[in-house]
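Take a look at the letters that make up each chain.
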Amino acid sequence: MHVNWVIVGAGFTGCTLAERIATQWNQKVLLLDRRSHVGGNAYDHYNEHGVLVHRYGPHIFHTNSRKVWEYLSQFTEWRPYYHHVLGVVDGKQIPVPFNLNSLYALFPARYAGKLEEQLLAAYGYGVKVPILKMRESENSDLRWLAGYIYENIFLHYTRKQWELDPDQLDPGVTGRVPVYISRDDRYFQDTWQSMPSEGYTALFQRMLNHKNIRVLLNTDWREIDGEIRYDRMIYTGPIDTYFQYAHGALPYRSLRFDFRTIDNEWHQNVGTVNYPNEHDFTRITEQKYLTGQTLPKSTIVVEYPQAYKLGENEPYYPVPRPDNREHYEKYLREASSLGGKVLFAGRLADYKYYNMDQAVARALKLFEDEAADR
Ligand code: FAD
Ligand code: UDP
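Now for a quick tour of the structure. (Residues numbered from 1 in each chain as written. Chains lettered and ligands numbered in written order. Predicted model: local features only at pLDDT ≥ 70, side-chain atom pairs only at ≥ 80, totals over all residues. Heavy atoms only, no water.)

**So, the overall build of the chain**
Spelled out, the test is: Put simply, DSSP marks the helices as runs of H or I at least four residues long and the strands as runs of E at least two long, and each gets a number from the N terminus on. Think of it in three bands: residues with accessible area under 20% of the maximum for their type are buried, residues over 50% are exposed, and the middle band is partly exposed, with areas taken using a 1.4 Å probe on protein chains only. Working rule for contacts: check all heavy atoms of both residues, and any pair within 4.5 Å makes them a contact. Using a 1.4 Å probe, the Shrake-Rupley method yields the accessible areas, and only the shown protein chains count as cover for residues. Charge assignment in this entry is limited to Lys and Arg as positive and Asp and Glu as negative, and neither His nor the chain termini are counted. Charge placement uses NZ in Lys and CZ in Arg. For Asp and Glu, CG and CD serve respectively.
For the chain, the helix and strand inventory stands at 13 helices and 19 strands. Among the 374 residues that make up the chain, the fraction classed as buried is 57%. Sequence-distant contacts, at least 24 apart, represent 72% of the contacts inside the chain between residues at least 6 apart. Surface exposure of the chain reaches about 16,800 Å², of which carbon and sulfur atoms provide 47%. The positive charge centre, built from 43 side chains, and the negative charge centre, built from 46, are 2 Å apart in the chain.

Now the structure itself:
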């Protein structure tokens, strides 16, 4: 068998590249995944109760990229959805990211009013302030507030999720959930926030429905390496695995998902409730908020962070910090030495904490760069 391209991994990265190469260059692609389905970590399916669930954790689509939005809109209709998250602090459920409503939910109105005035004077309305930055404020009241938010929202959640303190990670990690000087309770403020109307898997199936694309599931690429002739490869799995850990294993974090179906219509008041300070889990998400299904039962998913152990669980998160970046760059140098025969892209291969839209943007960029070189 001969194909122009082998693409390893059928997540957003692999599917986008397969679709582009098949439809724009009319070349043959073999897309393979070691899992039994396409979609990578964005895969969804109906469980035995008829609830559409995200097998690898809740996936909410949001982007500021018109290009990504228009590209994906070729393969799905959308259902507008604004994600809301509440965090349990001192027994109260307050909006996360921490905002002016959270302030009033936690503190007496007069005190909250005083802090609000100072926040507005220091930063202005509508501004997002990373917690690590707010802790450096010269204003002692704001430093106190930052310390409170750090301790009650970030510190223990981050220790659970990463087994590290916030300042042991790149600032961008906690910067994903900045303090928001606003009354806007949405988790994201992106221009486009929607869920694929029929789910992610249906979207992937439409992307891959082309005569030039052959999908091979339940197959690790090493099992077929040598059996298939191909011109070039795109590898979207963990980059250290490709090079057989020549520079040692890169650290990843994993999760255990506990799905529970309840006989009530609803379990909680919003899509996700975070538990920064209690329990071994970080958050509970109720699937029906995300998908818009109406059913008498409801399925929730509880996320338990775990160390990643090869062969035992999945490498869900790269661990963004400078020493890991240096470690990853050793692999990047190996990758460059392959002279373009194998290209690496995606959350695992780039070792970057991409959201779905960033994975798609990265894949589209790779395709454009290759197109420019043709
Ligand atoms: P993946 O989806 O990981 O796909 C890689 C694929 O490669 C996998 O299917 C894997 O089985 C396969 N593979 C690896 N090695 C091999 C091999 N040797 N042989 C064959 N196949 C192989 N993003 C958002 O935008 N919004 C969210 O709300 C959101 N929530 C998330 C929640 C969780 C818990 C997690 C873990 C991620 C979340 N993300 C979210 C991020 C999103 O999952 C990623 O951005 C996206 O899935 C990356 O796509 P990818 O194709 O690069 O990687
Ligand atoms: N975070 C936190 N408390 C929260 C929410 C987030 O400490 O209530 C920190 C934590 O370190 C987390 C990071 O911010 O890993 C990014 O959060 P996000 O919700 O973006 O994580 P993801 O959805 O990617 O797991």
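**Focus: the pairing of strand β13 (residues 229-235)**
This is how the line gets drawn: Two strands are counted as paired when DSSP detects at least two bridges linking them.
As paired strands, strand β1 (residues 2-8) and β13 are joined by six bridges and run parallel to one another. Looking at β13, one finds that His2 is bridged to Arg229. Note: β13 against strand β19 (residues 342-344), three bridges, orientation parallel. Bridge pairing in β19 places Met233 opposite Val342.

**Focus on the sheet that holds β1**
Two pairing modes exist for strands in a sheet, parallel and antiparallel, and in both the strands are linked by backbone hydrogen bonds. This is how the line gets drawn: Fitted lines through C-alpha atoms give the axes, limited to the stretch in contact for helices. The angle between two N-to-C directions lies from 0 to 180 degrees.
The strand order β12-β2-β1-β13-β19 describes an open sheet built from five strands, whose pairing is parallel. Each edge of the open sheet carries a strand with a single partner, namely β12 (213-216) and β19. Each strand of the sheet is rotated relative to its neighbour by a mean of 20 degrees, with strand direction disregarded. By the bridge criterion, four bridges tie β1 to strand β2 (residues 29-32) in an arrangement that is parallel.

**Here's the deal with the site of ligand 2**
Spelled out, the test is: The rule for a residue being near a molecule or strand is that one of its heavy atoms must lie within 4 Å of it. A 3.5 Å cut-off defines polar contacts: any pair of N or O atoms within that distance qualifies, except that in protein one atom must be a possible hydrogen donor and the other a possible acceptor, and neighbouring residues in sequence count only when both atoms are side-chain atoms. Under the scheme applied, nonpolar residues are Ala, Val, Leu, Ile, Met, Phe, Trp, Tyr, Cys and Pro; charged residues are Asp, Glu, Lys and Arg; polar residues are all the others, including Gly.
Not every one of the 16 residues close to ligand 2 is listed here, only the nearest: Trp162, Arg176, Tyr187, Tyr317 and Tyr353. Interatomic distance of 2.7 Å between a side-chain N/O atom of Arg176 and an oxygen atom of ligand 2. Its free accessible area being 530 Å², ligand 2 has 93% of it covered by the protein chains. Of all elements in the fold, only α6 (140-162) and α7 (171-174) reach the threshold of two or more residues within the shell around ligand 2. Considering only residue class, the shell around ligand 2 consists of ten nonpolar, four polar and two charged.

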